[in-house]
Amino acid sequence: MAIVNATDQSFTQEVEQGAVLVDFWAPWCGPCKMIAPVLEKIDEEIGDKLKIVKVNVDENPESSGRFGIMSIPTLLVFKDGQPVDKIVGFQPKEALMATIGKHI
């Protein structure tokens with residue numbers, strides 16, 4: 001499954017079903033740029049079990065505000081529309097997979 005870009009308008013629809021990892025990011029954020037290829041690898045490996053959604057916090061302040069995003073990157077794991085886990089800051093693939101694995 002390809003990584004999806006969500007907006008404030010499409011956010012709820014993107015996370016409402018199944019396991020979804022949402023990456024709150026911005027183009028000027030160094031750690032966000034570092035985590036992007038890690039997310040692409042995760043998508044290649046388990047994209048059939050996990051949907052990955054990216055939300056640009058500069059362009060979509062409503063979504064980031066609703067979930068209290070104070071620093072980026074912040075990744076939220078959703079299960080059927082409800083946030084169930086949170087990862088703040090850059091994490092290596094193994095650490096991300098350990099957190100995600102609990103929910104898929």
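Everything below is about the structure shown above.
Here the structure is a predicted model, which means the values were calculated and not measured.

K.L.:
What exactly am I supposed to notice about the pairing of strand β3 (residues 51–56) here?
P.N.:
Two faces belong to every sheet, and in a regular strand the side chains alternate between them. Here β3 lies mainly inside the structure; six of its six residues are buried. Each parallel crossover has a hand, and the one from strand β2 (residues 19–25) via helix α2 (residues 30–46) to β3 is right-handed.

K.L.:
I tried to follow the nonpolar core on my own but got confused; where do I start?
P.N.:
As a rule of thumb, soluble globular proteins bury nonpolar side chains together. Counting residues in hydrophobic clusters, the biggest one holds 18 residues, and the most contacted among them are F11, V22, F24, V55, F67, I72 and F78. Elements with a minimum of two residues in this core: α1 (11–15), β2, β3 and β4 (74–79). With four residues, β2 is the largest single contributor of residues to this core. Not counting residues up to four positions away in its chain, the partners in contact with V55 are A6, F11, V22, D23, F24, W25, N60 and S63.

K.L.:
Just checking my understanding: could you explain α2 for this structure?
P.N.:
Quick reminder: α-helices carry 3.6 residues per turn. Residues three or four places apart thus point the same way. Between its terminal C-alpha atoms α2 stretches 25 Å, which fits the 24 Å expected from 17 residues at 1.5 Å a residue. The largest bend along α2 measures about 25 degrees and falls at A36, with the proline P37 one to four residues further on. Structurally, α2 contributes buried residues whose contacts are with β2, β3, β4 and α4 (93–101).

K.L.:
It is not clear to me how the pattern of salt bridges should be interpreted in this structure. Could you clarify?
P.N.:
When the charged atoms of two side chains with opposite charge come close together, those side chains can pair. Throughout the structure, instances matching the rule amount to four salt bridges. As a salt-bridge pair, E14 and K51 come within 2.6 Å of each other at their nearest N and O atoms. Placement of the pair is E14 in helix α1 and K51 in strand β3, with a sequence separation of 37 residues. Among the residues examined, E14 registers a relative accessible area of 15% and is labelled buried. Taking the relative accessible area as the measure of exposure, K51 reaches 18% and is therefore buried. With a closest N to O distance of 2.6 Å, K93 and E45 form a salt bridge. In this pair, K93 is assigned in helix α4 and E45 in helix α2, connecting sequence segments 48 residues apart. A relative accessible area of 22% places K93 in the partly exposed class.

How each quantity is defined
- Residues numbered from 1 in each chain as written.
- Predicted model: local features only at pLDDT ≥ 70, side-chain atom pairs only at ≥ 80, totals over all residues.
- Heavy atoms only, no water.
- Buried < 20%, exposed > 50% of the residue type's maximum accessible area, 1.4 Å probe, protein only.
- Helix = DSSP H or I, 4+ residues; strand = E, 2+ residues; numbered from the N terminus.
- Right-handed = clockwise from strand over helix to strand, strands pointing away.
- Core = buried A, V, L, I, M, F, W, Y, C linked by side-chain atoms within 4.5 Å.
- Contact = heavy atoms within 4.5 Å.
- Expected span 1.5 Å × (residues − 1).
- Bend = angle between axes of the 7 residues up to and from the residue.
- Salt bridge = Lys/Arg side-chain N within 4 Å of Asp/Glu carboxyl O.

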